[in-house]
Amino acid sequence: PGLTMVVGPPGTGKTDTAVQILQVLYHNCPGQRTLLITHSNQALNDLFAKMVARDIPARYLLRLGMGERDLDVDDDFSRAGRVNNMLARRLTLLAEVEKLSNLLGVPHAEYTCETAGYFWLLHVLSRWEKFTAAVSSQQHKGVASSVGDLFPFKEFFADAPQPLFKGTSYEEDMEVAAGCFRHLRLLFQELEETRPFELLKGQADRVSYLCNKQAKVVAMTCTHAALKRREFLNLGLKYDNIVMEEAGQVLEVE
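Residues numbered from 1 in each chain as written. Predicted model: local features only at pLDDT ≥ 70, side-chain atom pairs only at ≥ 80, totals over all residues. Heavy atoms only, no water.

Thoughts on the pairing of strand S4 (residues 241–244)
Each regular strand carries side chains that alternate between the two faces of the sheet. The line we're drawing: Categorising residues by exposure relies on relative accessible area from a 1.4 Å probe, with only protein chains included: less than 20% of the type maximum marks a residue as buried, more than 50% marks it as exposed, and the intermediate range marks it as partly exposed. To qualify as a helix, a DSSP run of H or I must reach at least 4 residues; to qualify as a strand, a run of E must reach at least 2; elements of each kind are numbered from the N terminus. Strands pair, by our definition, only if DSSP identifies at least two bridges between them.
In S4, alternate side chains face the same way, and those of Asn 241 and Val 243 are buried while those of Ile 242 and Met 244 on the opposite face are not. By the bridge criterion, four bridges tie strand S1 (residues 34–38) to S4 in an arrangement that is parallel. Bridge pairing in S4 links Thr 34 to Asn 241.

Structure, rendered in structure tokens:
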């Protein structure tokens with residue numbers, strides 16, 4: 001906790017420093033939420049566009065205010081745009097679950113995020129644990145091909161560059177298997193994040209959840225923050241960090 005001030009003439013990289021600070025906050029403190037404030041829409045859009053280009057997932061970014069329409073990015077980062085994106089992403093993820101469940105002979109796991117969660121616990125995670133136990137028992141034999149023979153999700157990754165397992169090194173094949181499983185785990189983790197948008201039926205409730213829980217970085221101008229102060233108080237908007245650009249231009253009333 002504390003206050004950090006970055007001072008410098010134009011063109012010295014203050015905006016890039018702010019983007020780097022936001023990136024470090026996200027990766028080092030993933031459970032914290034950050035409020036991004038600037039004086040002008042142009043400065044906010046410039047900073048936000050640079051942030052989108054970094055490795056912060058778009059589902060954690062939210063841009064509030066009228067200047068969002070001038071944002072030079074492909075996605076819609078307004079409240080309605082983020083909610084619609086989460087709902088569309090949910091359908092995409094459930095389609096992947098359907099593909100996996102059909103390959104494993106467990107149909108109808110893709111109905112809801114809840115059924116997908118049970119499918120992960122009962123069929124995906126359990127198969128991975130059995131696989132690691134079986135492979136470990138054969139490790140002392142030095143048979144690298146056993147990894148590829150026993151891996152239970154090989155058909156799901158048929159679109160990946162082949163051969164998936166070269167069979168020449170046990171360590172290399174296990175690294176590939178761990179990477180595949182990591183992909184599956186992240187898929188179901190992201191699906192779990194979309195579950196509240198499935199349960200909440202009203203757009204207002206979804207927007208409220210997006211602002212208060214889902215978004216890790218909420219960006220707006222100080223003017224928008226002042227005009228919508230009562231609305232944010234009613235929503236219960238809370239944050240752990242605040243990053244303010246053009247702080248010297250912000251008026252006391254704002």
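Here's the deal with the environment of Val 97
To keep it simple, the criterion reads: Throughout, a contact is declared for two residues whenever any of their heavy atoms are within 4.5 Å.
Positionally, Val 97 belongs in helix H3 (residues 79–103). A residue is classified by how much of its surface remains accessible, and Val 97, at 1% relative accessible area, is buried. Linking Val 97 and Thr 115, residues 18 residues apart in sequence, is a C-alpha distance of 10 Å. Once residues lying within four places of it in the same chain are set aside, the contact partners of Val 97 are Ala 109, Glu 110, Ala 116, Phe 119, Leu 187, Phe 188 and Leu 191.

Points about the packing of H3 against helix H7 (residues 203–214)
Just so we agree on the cut-off: Working convention: axes come from line fits to C-alpha atoms, limited for helices to the stretch in contact. Angles between N-to-C directions cover 0 to 180 degrees. Put simply, angles under 35 degrees are roughly parallel, angles over 145 are roughly antiparallel, angles from 65 to 115 are roughly perpendicular, and the rest are oblique. Charged residues are taken to be Asp, Glu, Lys and Arg, nonpolar residues to be Ala, Val, Leu, Ile, Met, Phe, Trp, Tyr, Cys and Pro, and polar residues to be all remaining types, Gly included.
One can describe the packing of H3 onto H7 by two numbers: an axis separation of 10 Å at closest approach and a directional angle of 95°. The pairing of H3 with H7 is recorded here as roughly perpendicular in orientation. From H3, Arg 79, Ala 80, Arg 82, Val 83, Met 86 and Leu 87 reach across to H7, where they touch Gln 203, Arg 206, Val 207, Leu 210, Cys 211 and Gln 214. Of the residues contributing to the contact of H3 with H7, the split by class is seven nonpolar, two polar and three charged.

A short note on the packing of aromatic side chains
Keep this limit in mind: Stacked, tilted and edge-to-face pairs are distinguished by plane angle, under 30 degrees for stacked and over 60 for edge-to-face with tilted covering the rest, among Phe, Tyr and Trp rings (Trp via its six-membered ring) whose centres lie within 6.5 Å. Counted as over-ring charges are cases with an Arg CZ or a Lys NZ within 6 Å of the ring centre that also lie within 35 degrees of the ring normal.
All chains considered together, the criterion is met by 12 aromatic pairs. Measuring from centroid to centroid gives 5.5 Å for Phe 131 and Phe 151, while their planes differ by 80°, and the two rings are edge-to-face. Of this pair, Phe 131 sits in helix H4 (residues 113–138) while Phe 151 sits in the loop between helix H5 (145–150) and helix H6 (170–199), and the two are 20 residues apart along the sequence. For Phe 131, a relative accessible area of 3% corresponds to the buried category. The exposure class of Phe 151 is buried, given its relative accessible area of 5%. Joined through ring pairs, the aromatic side chains of Phe 119, Trp 120, Trp 128, Phe 131, Phe 151, Phe 153, Phe 165, Phe 181 and Phe 188 make up one cluster. Note that Lys 99 overlies the ring of Phe 156, its terminal NZ or CZ placed 4.9 Å from the centroid. Above the ring of Tyr 60, the side-chain terminus of Lys 216 is found at 5.9 Å from the ring centroid.

A short note on a negative patch on the surface
Note the threshold: Each patch is assembled from residues with relative accessible area greater than 30% and no salt bridge, linking like charges that lie within 9 Å and nonpolar side chains (Val, Leu, Ile, Met, Phe, Trp, Tyr) that lie within 5 Å. Areas reported as accessible are Shrake-Rupley estimates using a 1.4 Å probe. Residue values count occlusion only from the protein chains shown. The salt bridge definition used is simple: a Lys or Arg side-chain nitrogen within 4 Å of an Asp or Glu carboxyl oxygen. Residues scored as charged are limited to Lys and Arg (positive) and Asp and Glu (negative), so that His and the chain ends carry no count. Throughout, a charge is located at the NZ atom of Lys, the CZ atom of Arg, the CG atom of Asp or the CD atom of Glu.
On the surface, Asp 72, Asp 74, Asp 75 and Asp 76 cluster together to form a negatively charged patch. Relative to the assigned elements, Asp 74 resides in the loop between strand S2 (61–63) and H3.

Looking at the side chain of Arg 82
Inclusion rule: The term polar contact refers here to a pair of N or O atoms within 3.5 Å; inside protein, the definition further demands a hydrogen-donor-capable atom paired with an acceptor-capable atom, and it admits residues adjacent in sequence only when both atoms are side-chain atoms.
Position of Arg 82 relative to the elements: it lies in helix H3. One buried charged side chain, Arg 82, makes no salt bridge at all; its nearest oppositely charged neighbour is Asp 75, positioned 4.3 Å away. Within the structure, the side chain of Arg 82 is placed 3.0 Å from the backbone oxygen of Ala 58, a separation counted as a polar contact.

A short note on H3
Rule in force here: By this rule the span expected of a helix is its residue count minus one, scaled by 1.5 Å.
Over its 25 residues, H3 runs 37 Å from end to end, which matches the ideal 36 Å to within 8%, given 1.5 Å per residue. Here H3 has its buried residues at Gly 81, Arg 82, Val 83, Met 86, Arg 90, Leu 93, Leu 94, Val 97, Leu 100 and Ser 101. In the core, the buried residues of H3 are packed alongside S2, H4, H6 and H7. Looking one or two places after H3, you find Gly 105, whose phi comes out positive at around 75°.

A look at the sheet that holds S4
Taken together, four strands build an open sheet; the order of strands is S2-S3-S1-S4 and the sheet is parallel. The sheet is open, and its two edges are formed by S2 and S4, each paired on a single side. Across the sheet, the axes of successive neighbouring strands diverge by a mean angle of 20°, strand direction being ignored. Sheet analysis places S2 next to strand S3 (residues 217–221), joined by three bridges and oriented parallel. Looking at S3, one finds that Leu 62 is bridged to Val 218. The sheet contacts of helix H2 (residues 41–52) involve S1, S2 and S3, and relative to S2 the element is tilted by about 160°.

Keep in mind these values describe shape, not function.
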